[in-house]
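# Understanding the architecture of this molecule
Single-letter residue listing:
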Amino acid sequence: MPKPHKRPLSSRIPLRLNICISFVLFTAIISGLLWMTETVLLERLYTNSKIRETRALALSLISAYSSQSIDEFKQTLTNAAVNDQICISLYDSRTGLPYHRDVMDNKCLLHGYHNYVYLLVEKLDESEDGNITLRIFDEQIGMETLVVGYVLGSKDDVQGCIFLNTILEPVGSTVRIQKRIILIFSVILLLIGILIAVVLSSWLSDSLVRLTNSAKRMARGDYNTHFEGGSCLEVDELARALTYAEQEISKADAMQRDLIANASHDLRTPLTMLKAYAEMIRDLSGDNPVKRNAHLQVIIDETDRLTALVNDILDLSKLENGTQKPELQTIEACSWLTDIIDRYKGVSEKLGYHIHFTPDAPCEVTCDPGKMERVVCNLINNAINYTGKDKNIYVNQVNTEEGVRVEVCDTGDGIEEDKIHLIFDKYYRSENHSREVVGTGLGLSIVKAILRLHGFTFGVHSKLNAGSVFWFVIKK
Ligand code: ADP
């Protein structure tokens, strides 16, 4: 069992709860921000923009007064008062004419109180730059109002003044209504957040729980487990990764089982032999140098066979479990075959074998040269082992449209027709040989696995007592 290690708190909370908490927090933060914007910022922004607009209106009225005819100006004044719901008073000291517009039925600071305008004029007089902006609570209407005043002309040459008075309070009531709306909105937002969190988390966690259960089944050795994604891209990818892992583990497992089965089947015989001969040397032939040497030779031969067998078993397992891919290269077939056969010459001629190579024109083919060399060598080794008394072996290169056909021919006993389909099987070894031949029974299985890995065609023709032709085609 792996040692438990300390996990962060978040990894101990179920995903469902994690998502719920995050969503509730998120909605709470959004609602809080909205609330703050409304209470702190909006009121201030409202008031400031109202002040700005009222001051701009005052200035535009001053410029209209100097540029428009009296009738036009009166119309402008009316429009401004009605459109902006503002009470306006303009006094021209030169003509002595006042212009008033009252939109609040005498309930404003300019028209509702007798002496208030004098007070405002005083304030305007005292002001440094000839204008005032005041927020004053009007007790008559019980609301906060805004008064903006400007002198006509300049501070040194005062020709009159203009006052505008408007209610600031509607802003406050708007804010109150909005606050209530925000409160309702926040509650709805929170409920929607929780709903989404519950749906989303169960949607996500369900697929993860399904994947976890499948992974547990796989861990118990069920390699047919289906990993179902579906909820989102990442979960899909996880499902795909787990499926891939399952395939790989299953391959490795099959290879391991295969290897154990093959090894236990094949290694038992040579190991028994080794033990038997070692015991014979200890108990019987130890003092007899001739016998002892003969027994030791058997041990050495069996050890060699054992080594070859182990190597073949490993190579075949690797080739068959699909973990190996051919490392493709483009090679020139004629010189490649010549090189391989040249390497045989020394050994084969010493033993009296003749390898005859019939080349064709140079031709480029694509294959894994290392693996394909193994194919050629295994076939030539077999041909050497099984050829007839003339000890001739023929290797032919035949260029075809598809690629290069390589034939390895011998003049031996051939293979019985009903056995031909078995010879590429693992561990098949016919007992029908003219000479005692030591082999692992895996050579042709390795040939088949390599050729299949490349997708090359191959086959064998054989005639009893006339010999066999093993062939394959390396594609261009
Ligand atoms: P091994 O040669 O080690 O027994 P192989 O897989 O190479 O294993 O061959 C399997 C069997 O196929 C051999 O035991 C032999 O009976 C038969 N075989 C292979 N090559 C030839 C050949 N050139 N001529 C006759 N029989 C052959």
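Residues numbered from 1 in each chain as written. Predicted model: local features only at pLDDT ≥ 70, side-chain atom pairs only at ≥ 80, totals over all residues. Heavy atoms only, no water.

### So, the pattern of salt bridges
Counted according to the given criterion, the structure contains 13 salt bridges. The residue Glu 144 makes a salt bridge to Arg 135 at a minimum N-O spacing of 3.2 Å. Overall, the relative accessible area of 48% leaves Arg 135 in the partly exposed class. Asp 253 is the partner of Arg 257 in a salt bridge, and the nearest nitrogen-oxygen pair spans 2.8 Å. (Salt bridge = Lys/Arg side-chain N within 4 Å of Asp/Glu carboxyl O. Buried < 20%, exposed > 50% of the residue type's maximum accessible area, 1.4 Å probe, protein only.)

### Quick word on the environment of Trp 35
Here Trp 35 shows up in helix H1 (residues 15-67). Considered as a pair, Trp 35 and Asp 138 are 103 residues apart in the sequence and their alpha carbons are 29 Å apart. Not counting residues within four places of it along the chain, the set of residues in contact with Trp 35 comprises Lys 179, Ile 182 and Leu 183. (Helix = DSSP H or I, 4+ residues; strand = E, 2+ residues; numbered from the N terminus. Contact = heavy atoms within 4.5 Å.)

### As for the sheet that holds strand S1 (residues 87-92)
The antiparallel open sheet is built from five strands, whose spatial order is S2-S1-S5-S4-S3. Sheet topology places strand S2 (98-101) and strand S3 (131-138) at the edges, where each strand pairs with a single neighbour. Between one strand axis and the next, the sheet turns by 15 degrees as a mean value, whatever way the strands run. Taken together, the six bridges between S1 and strand S5 (residues 158-167) define a ladder with antiparallel strand orientation. Following the sheet pairing, Tyr 91 is matched in S5 by Cys 161. Packing against the sheet, H1 makes contact with S1, S2, S3, strand S4 (143-153) and S5, and its axis sits at approximately 30 degrees to S4. (Pairing = 2+ DSSP bridges. Axes fitted to C-alpha atoms, helices over the stretch in contact; angles between N-to-C directions.)

### Digging into the domain arrangement of the chain
The assigned domain composition of the chain is domain 1 (18-173), domain 2 (233-320) and domain 3 (329-475). Between the C-alpha centres of domain 1 and domain 2 there is a distance of 101 Å. (Domains from an automatic or database assignment.)

### Topic: the nonpolar core
Met 372, Ile 380, Phe 472 and Ile 474 are the most contacted members of the largest nonpolar core, which totals 49 residues. Of the residues forming this core, the biggest block, eight residues, is contributed by helix H8 (residues 369-386). Both domain 2 (233-320) and domain 3 (329-475) contribute no fewer than three residues apiece to this core. Not counting chain neighbours up to four residues away, the residues in contact with Ile 380 comprise Ile 341, Tyr 344, Ile 355, Val 395 and Val 408. (Core = buried A, V, L, I, M, F, W, Y, C linked by side-chain atoms within 4.5 Å.)

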